Amino acid sequence: MLRIAPSLLSADFGGLAEAVGEVAAEADWLHVDVMDGHFVPNLTIGPPVVQSLRRHSGMYFDCHLMMTNPGDYLEAFRRAGADGCTVHVEVGDTAALLAEMRRLELRVGLALNPDTPFEAVAPFLGDVDLVLCMTVFPGFGGQRFMDEVVPKIAEVRAALDARGSAAELEVDGGIDEETAPVVVGAGARVLVAGSAIFGAERPWEAARRIRGAGERALAGPGPGGAHPA
Ligand code: DX5
Ligand code: ZN
(Lines give C-alpha, C1' and ligand atoms only; values in the text may rest on other atoms or scores of the structure.)
(Ligands and ions follow the chains in the order given, each with its own letter.)
Protein backbone atom coordinates (compact mmCIF):
# COMPACT_ATOMS: atom_id res chain seq x y z
CA MET A 1 0.00 0.00 0.00
CA LEU A 2 1.22 3.47 -0.88
CA ARG A 3 0.66 6.63 1.09
CA ILE A 4 0.68 10.07 -0.48
CA ALA A 5 1.77 12.90 1.82
CA PRO A 6 1.36 16.36 0.27
CA SER A 7 3.93 18.78 1.68
CA LEU A 8 2.41 22.04 2.86
CA LEU A 9 5.67 23.84 2.11
CA SER A 10 4.50 24.52 -1.43
CA ALA A 11 1.00 25.59 -0.41
CA ASP A 12 -0.21 29.17 -0.03
CA PHE A 13 0.72 29.98 3.59
CA GLY A 14 -2.00 32.62 3.56
CA GLY A 15 -4.63 29.95 3.18
CA LEU A 16 -3.36 26.75 4.78
CA ALA A 17 -6.75 25.41 5.83
CA GLU A 18 -8.01 25.77 2.25
CA ALA A 19 -4.84 24.09 0.98
CA VAL A 20 -5.49 21.09 3.20
CA GLY A 21 -9.02 20.96 1.85
CA GLU A 22 -7.70 20.96 -1.72
CA VAL A 23 -5.81 17.69 -1.19
CA ALA A 24 -7.89 16.00 1.49
CA ALA A 25 -9.64 13.60 -0.89
CA GLU A 26 -6.36 12.16 -2.19
CA ALA A 27 -3.97 12.60 0.72
CA ASP A 28 -3.23 9.92 3.28
CA TRP A 29 -0.99 12.08 5.42
CA LEU A 30 -0.25 15.79 5.58
CA HIS A 31 3.49 16.47 5.55
CA VAL A 32 4.40 19.49 7.69
CA ASP A 33 7.89 20.91 7.11
CA VAL A 34 9.33 22.59 10.17
CA MET A 35 12.51 24.58 9.52
CA ASP A 36 14.46 26.45 12.15
CA GLY A 37 16.76 28.70 10.11
CA HIS A 38 19.73 26.83 11.57
CA PHE A 39 19.69 23.17 10.56
CA VAL A 40 18.45 24.43 7.20
CA PRO A 41 18.66 27.95 5.73
CA ASN A 42 14.93 28.58 5.81
CA LEU A 43 12.20 29.30 8.36
CA THR A 44 8.70 27.93 8.26
CA ILE A 45 6.19 27.01 10.90
CA GLY A 46 5.97 25.69 14.42
CA PRO A 47 3.53 24.20 16.92
CA PRO A 48 1.01 27.09 16.87
CA VAL A 49 0.37 26.56 13.17
CA VAL A 50 0.01 22.81 13.66
CA GLN A 51 -2.47 23.53 16.43
CA SER A 52 -4.52 25.81 14.18
CA LEU A 53 -4.51 23.30 11.34
CA ARG A 54 -5.65 20.58 13.73
CA ARG A 55 -8.95 22.41 14.08
CA HIS A 56 -9.49 22.12 10.33
CA SER A 57 -8.42 18.58 9.63
CA GLY A 58 -8.49 15.12 11.14
CA MET A 59 -5.77 13.96 8.77
CA TYR A 60 -2.57 12.31 9.98
CA PHE A 61 0.00 15.08 10.56
CA ASP A 62 3.50 13.92 9.60
CA CYS A 63 5.85 16.57 11.02
CA HIS A 64 9.31 16.71 9.48
CA LEU A 65 11.53 18.54 11.95
CA MET A 66 14.47 20.14 10.15
CA MET A 67 15.79 21.54 13.39
CA THR A 68 19.03 21.51 15.33
CA ASN A 69 17.24 21.10 18.67
CA PRO A 70 14.04 19.13 18.01
CA GLY A 71 14.07 17.76 21.56
CA ASP A 72 13.03 21.18 22.88
CA TYR A 73 9.84 21.08 20.82
CA LEU A 74 8.63 17.48 20.64
CA GLU A 75 6.18 17.89 23.48
CA ALA A 76 4.83 21.12 22.00
CA PHE A 77 4.27 19.41 18.64
CA ARG A 78 2.52 16.53 20.39
CA ARG A 79 0.24 18.89 22.29
CA ALA A 80 -0.46 20.84 19.10
CA GLY A 81 -1.76 17.67 17.46
CA ALA A 82 1.15 16.09 15.60
CA ASP A 83 0.68 12.37 14.97
CA GLY A 84 4.25 11.62 14.00
CA CYS A 85 7.51 13.53 14.20
CA THR A 86 10.66 12.85 12.23
CA VAL A 87 14.04 14.08 13.43
CA HIS A 88 17.25 14.14 11.43
CA VAL A 89 20.03 11.72 12.33
CA GLU A 90 22.55 14.47 11.51
CA VAL A 91 21.60 16.47 14.63
CA GLY A 92 22.85 13.69 16.93
CA ASP A 93 21.49 12.55 20.30
CA THR A 94 19.37 10.18 18.26
CA ALA A 95 18.68 7.47 20.85
CA ALA A 96 17.38 10.03 23.37
CA LEU A 97 15.23 11.80 20.78
CA LEU A 98 13.65 8.54 19.63
CA ALA A 99 12.96 7.52 23.22
CA GLU A 100 11.33 10.89 23.94
CA MET A 101 9.08 10.56 20.88
CA ARG A 102 8.10 7.07 22.03
CA ARG A 103 7.29 8.39 25.49
CA LEU A 104 5.08 11.07 23.96
CA GLU A 105 3.29 8.42 21.87
CA LEU A 106 4.32 10.02 18.63
CA ARG A 107 5.03 7.90 15.58
CA VAL A 108 8.82 7.82 15.65
CA GLY A 109 10.58 8.95 12.47
CA LEU A 110 14.26 9.25 11.58
CA ALA A 111 15.45 11.15 8.50
CA LEU A 112 18.74 11.19 6.65
CA ASN A 113 20.10 13.68 4.17
CA PRO A 114 21.16 12.68 0.65
CA ASP A 115 24.84 12.54 1.60
CA THR A 116 24.37 10.71 4.90
CA PRO A 117 25.15 7.01 4.54
CA PHE A 118 22.76 4.20 5.43
CA GLU A 119 25.13 3.20 8.25
CA ALA A 120 24.12 6.32 10.20
CA VAL A 121 20.55 5.06 10.66
CA ALA A 122 21.27 1.32 10.74
CA PRO A 123 21.72 1.13 14.55
CA PHE A 124 18.28 2.66 15.11
CA LEU A 125 16.12 0.61 12.75
CA GLY A 126 14.66 -1.38 15.63
CA ASP A 127 13.49 1.79 17.38
CA VAL A 128 11.69 3.65 14.61
CA ASP A 129 8.29 3.55 12.94
CA LEU A 130 9.49 5.44 9.88
CA VAL A 131 12.71 6.11 7.98
CA LEU A 132 12.75 9.20 5.76
CA CYS A 133 15.26 9.24 2.91
CA MET A 134 15.73 12.78 1.64
CA THR A 135 16.04 12.90 -2.14
CA VAL A 136 17.02 16.59 -2.08
CA PHE A 137 18.99 18.60 0.47
CA PRO A 138 16.34 19.87 2.88
CA GLY A 139 15.38 23.52 3.06
CA PHE A 140 13.38 24.32 -0.04
CA GLY A 141 10.65 22.91 -2.23
CA GLY A 142 10.90 22.53 -5.97
CA GLN A 143 14.42 21.08 -6.16
CA ARG A 144 15.55 18.39 -8.58
CA PHE A 145 15.22 14.76 -7.48
CA MET A 146 18.64 13.25 -6.70
CA ASP A 147 18.65 9.83 -8.29
CA GLU A 148 21.97 8.97 -6.68
CA VAL A 149 19.96 8.37 -3.47
CA VAL A 150 18.00 5.48 -5.04
CA PRO A 151 20.49 2.73 -4.05
CA LYS A 152 20.32 3.91 -0.43
CA ILE A 153 16.50 3.69 -0.49
CA ALA A 154 16.88 0.09 -1.62
CA GLU A 155 19.43 -0.50 1.13
CA VAL A 156 17.03 0.77 3.81
CA ARG A 157 14.21 -1.36 2.30
CA ALA A 158 16.38 -4.48 2.39
CA ALA A 159 17.44 -3.83 5.98
CA LEU A 160 13.85 -3.26 7.15
CA ASP A 161 12.67 -6.40 5.37
CA ALA A 162 15.56 -8.44 6.75
CA ARG A 163 14.54 -7.64 10.30
CA GLY A 164 10.83 -8.12 9.56
CA SER A 165 10.21 -4.47 10.38
CA ALA A 166 6.88 -2.88 9.50
CA ALA A 167 8.42 0.61 9.67
CA GLU A 168 7.41 2.95 6.86
CA LEU A 169 9.95 4.03 4.26
CA GLU A 170 9.26 7.61 3.20
CA VAL A 171 10.93 9.72 0.54
CA ASP A 172 10.90 13.49 0.26
CA GLY A 173 12.18 15.82 -2.44
CA GLY A 174 11.48 16.10 -6.15
CA ILE A 175 8.75 13.44 -6.14
CA ASP A 176 6.36 13.64 -9.08
CA GLU A 177 4.77 11.30 -11.61
CA GLU A 178 8.16 10.61 -13.20
CA THR A 179 10.13 9.88 -10.04
CA ALA A 180 7.40 8.11 -8.04
CA PRO A 181 7.89 4.81 -9.91
CA VAL A 182 11.64 4.99 -9.33
CA VAL A 183 11.38 5.37 -5.55
CA VAL A 184 8.57 2.84 -5.26
CA GLY A 185 10.68 0.40 -7.27
CA ALA A 186 13.45 0.90 -4.71
CA GLY A 187 11.05 0.19 -1.85
CA ALA A 188 9.57 3.51 -0.71
CA ARG A 189 5.92 3.39 0.38
CA VAL A 190 5.24 6.93 1.63
CA LEU A 191 5.68 9.61 -1.01
CA VAL A 192 5.99 13.24 0.03
CA ALA A 193 5.34 15.75 -2.74
CA GLY A 194 5.15 19.51 -2.46
CA SER A 195 5.55 21.47 -5.67
CA ALA A 196 4.22 18.65 -7.86
CA ILE A 197 0.95 18.77 -5.92
CA PHE A 198 0.44 22.36 -4.77
CA GLY A 199 1.95 23.78 -7.95
CA ALA A 200 -0.73 22.02 -9.99
CA GLU A 201 -3.97 23.65 -10.98
CA ARG A 202 -5.95 20.94 -9.22
CA PRO A 203 -3.78 19.64 -6.37
CA TRP A 204 -5.90 16.59 -5.58
CA GLU A 205 -5.68 15.45 -9.20
CA ALA A 206 -1.90 15.77 -9.13
CA ALA A 207 -1.82 13.69 -5.95
CA ARG A 208 -3.98 11.07 -7.63
CA ARG A 209 -1.67 10.92 -10.64
CA ILE A 210 1.40 10.46 -8.43
CA ARG A 211 -0.39 7.67 -6.57
CA GLY A 212 -1.32 6.04 -9.87
CA ALA A 213 2.25 6.21 -11.15
CA GLY A 214 3.52 4.68 -7.89
CA GLU A 215 0.90 1.96 -7.84
CA ARG A 216 1.71 0.91 -11.39
CA ALA A 217 5.31 0.44 -10.30
CA LEU A 218 4.13 -1.61 -7.31
CA ALA A 219 2.17 -3.84 -9.64
CA GLY A 220 5.45 -4.59 -11.40
CA PRO A 221 6.85 -4.36 -14.90
CA GLY A 222 4.50 -4.07 -17.81
CA PRO A 223 2.81 -1.29 -19.76
CA GLY A 224 3.11 1.82 -17.64
CA GLY A 225 4.76 -0.17 -14.87
CA ALA A 226 8.45 0.15 -14.56
CA HIS A 227 10.93 -1.14 -12.18
CA PRO A 228 11.92 -4.63 -11.42
CA ALA A 229 12.12 -4.81 -7.60
C1 DX5 B 1 12.34 20.01 1.64
C2 DX5 B 1 11.12 19.53 2.36
C3 DX5 B 1 10.17 18.87 1.48
C4 DX5 B 1 9.65 19.74 0.37
C5 DX5 B 1 9.52 18.89 -0.85
O6 DX5 B 1 13.26 20.45 2.56
O7 DX5 B 1 11.46 18.62 3.39
O8 DX5 B 1 9.10 18.25 2.17
O9 DX5 B 1 8.42 20.34 0.63
O10 DX5 B 1 9.17 19.71 -1.92
P11 DX5 B 1 9.16 19.16 -3.42
O12 DX5 B 1 8.19 18.03 -3.48
O13 DX5 B 1 8.75 20.35 -4.20
O14 DX5 B 1 10.57 18.72 -3.70
ZN1 ZN C 1 9.79 17.38 4.27
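Residues numbered from 1 in each chain as written. Chains lettered and ligands numbered in written order. Predicted model: local features only at pLDDT ≥ 70, side-chain atom pairs only at ≥ 80, totals over all residues. Heavy atoms only, no water.

Re the nonpolar core
Moving on, step 1. In this structure, Leu8, Leu65, Cys85, Ile153, Ile175 and Leu191 are the most contacted members of the largest nonpolar core, which totals 67 residues.
Moving on, step 2. No other element matches the five residues that helix H5 (residues 150-162) contributes to this core.
Moving on, step 3. Contacts of leucine 65, omitting those with residues within four sequence positions, involve Val34, Pro70, Leu74, Phe77, Cys85, Thr86, Val87 and His88.
Moving on, step 4. If you look at the next biggest cluster of nonpolar residues, it comprises 10 residues, including Ala5, Tyr60, Leu132 and Val136. (Core = buried A, V, L, I, M, F, W, Y, C linked by side-chain atoms within 4.5 Å. Buried < 20%, exposed > 50% of the residue type's maximum accessible area, 1.4 Å probe, protein only. Helix = DSSP H or I, 4+ residues; strand = E, 2+ residues; numbered from the N terminus. Contact = heavy atoms within 4.5 Å.)

Notes on the pattern of salt bridges
Moving on, step 1. Throughout the structure, instances matching the rule amount to 13 salt bridges.
Moving on, step 2. Ionic pairing is found between glutamate 177 and arginine 209, a salt bridge with its closest N-O pair at 3.1 Å. Taken as a pair, glutamate 177 in the loop between strand E7 (168-172) and helix H6 (180-186) and arginine 209 in helix H8 (residues 203-218) lie far apart in primary sequence, 32 residues in all.
Moving on, step 3. Owing to a relative accessible area of 39%, arginine 209 belongs among the partly exposed residues under this scheme.
Moving on, step 4. Residue arginine 202 pairs with glutamate 201 through a salt bridge whose shortest N-O separation is 3.9 Å.
Moving on, step 5. A relative accessible area of 44% places arginine 202 in the partly exposed class.
Moving on, step 6. Accessibility expressed as a relative area gives 73% for glutamate 201, which makes it exposed. (Salt bridge = Lys/Arg side-chain N within 4 Å of Asp/Glu carboxyl O.)

Considerations on helix H1 (residues 16-23)
Moving on, step 1. Of all the residues in H1, the buried ones are Leu16, Ala19, Val20 and Val23. Each buried residue of H1 lies within a common arc of 100 degrees when the element is viewed along its axis, so the set occupies one face. Facing away from the buried side of H1, by more than 90 degrees, are the exposed residues Glu18 and Gly21.
Moving on, step 2. Contacts made by the buried residues of H1 are with strand E1 (3-6), strand E2 (29-35), helix H2 (47-54), helix H7 (195-198) and H8. (Arc of directions from axis to C-beta.)

A short note on the coordination of the zinc ion (ligand 2)
Moving on, step 1. Protein-derived ligands of the zinc ion (ligand 2) are His31 (NE2), Asp33 (OD), His64 (ND1) and Asp172 (OD), with the metal-ligand distances lying across 2.1 to 2.3 Å.
Moving on, step 2. Coordination at the zinc ion (ligand 2) is octahedral, judged from the six donor atoms that bind it and the angles of 71 to 169 degrees they form at the metal.
Moving on, step 3. Every donor residue of the zinc ion (ligand 2) comes from the same chain, spaced as H-x1-D-x30-H-x107-D. In this pair, the class of histidine 31 matches that of aspartate 33, namely buried. (Donors = N, O, S within 2.8 Å, 3.2 Å for Na, K, Ca; no water. Tetrahedral: all angles 85-135°; square planar, octahedral: opposite > 155°, others 65-115°.)

Let's talk about the site of ligand 1
Moving on, step 1. Around ligand 1, a shell composed of 20 residues is seen, among which Ser7, Gly139, Asp172, Gly194 and Ser195 lie nearest.
Moving on, step 2. Between histidine 31 and ligand 1, the recorded distance is 3.4 Å, taken from a side-chain N or O atom to an oxygen atom.
Moving on, step 3. The backbone of glycine 142 places a nitrogen or oxygen atom 2.8 Å from an oxygen atom of ligand 1.
Moving on, step 4. For ligand 1, whose accessible area on its own is 380 Å², the fraction buried by protein is 100%.
Moving on, step 5. More than half of the atoms of ligand 1 fall within 2 Å of the grid points belonging to the largest pocket.
Moving on, step 6. For the shell around ligand 1, the secondary structure elements donating two or more residues are E2, strand E3 (60-66) and strand E8 (190-193). (Near = heavy atom within 4 Å. Polar contact = N/O pair within 3.5 Å; in protein donor to acceptor, adjacent residues only side chain to side chain. Areas by Shrake-Rupley, 256 points an atom, 1.4 Å probe, with all protein chains shown as cover. 1 Å grid on protein atoms, 1.4 Å probe; cavity = no way out; pocket = protein on both sides within 12 Å on 5 of 7 lines; lining within 4 Å. Sits in = over half its atoms within 2 Å of the grid points.)

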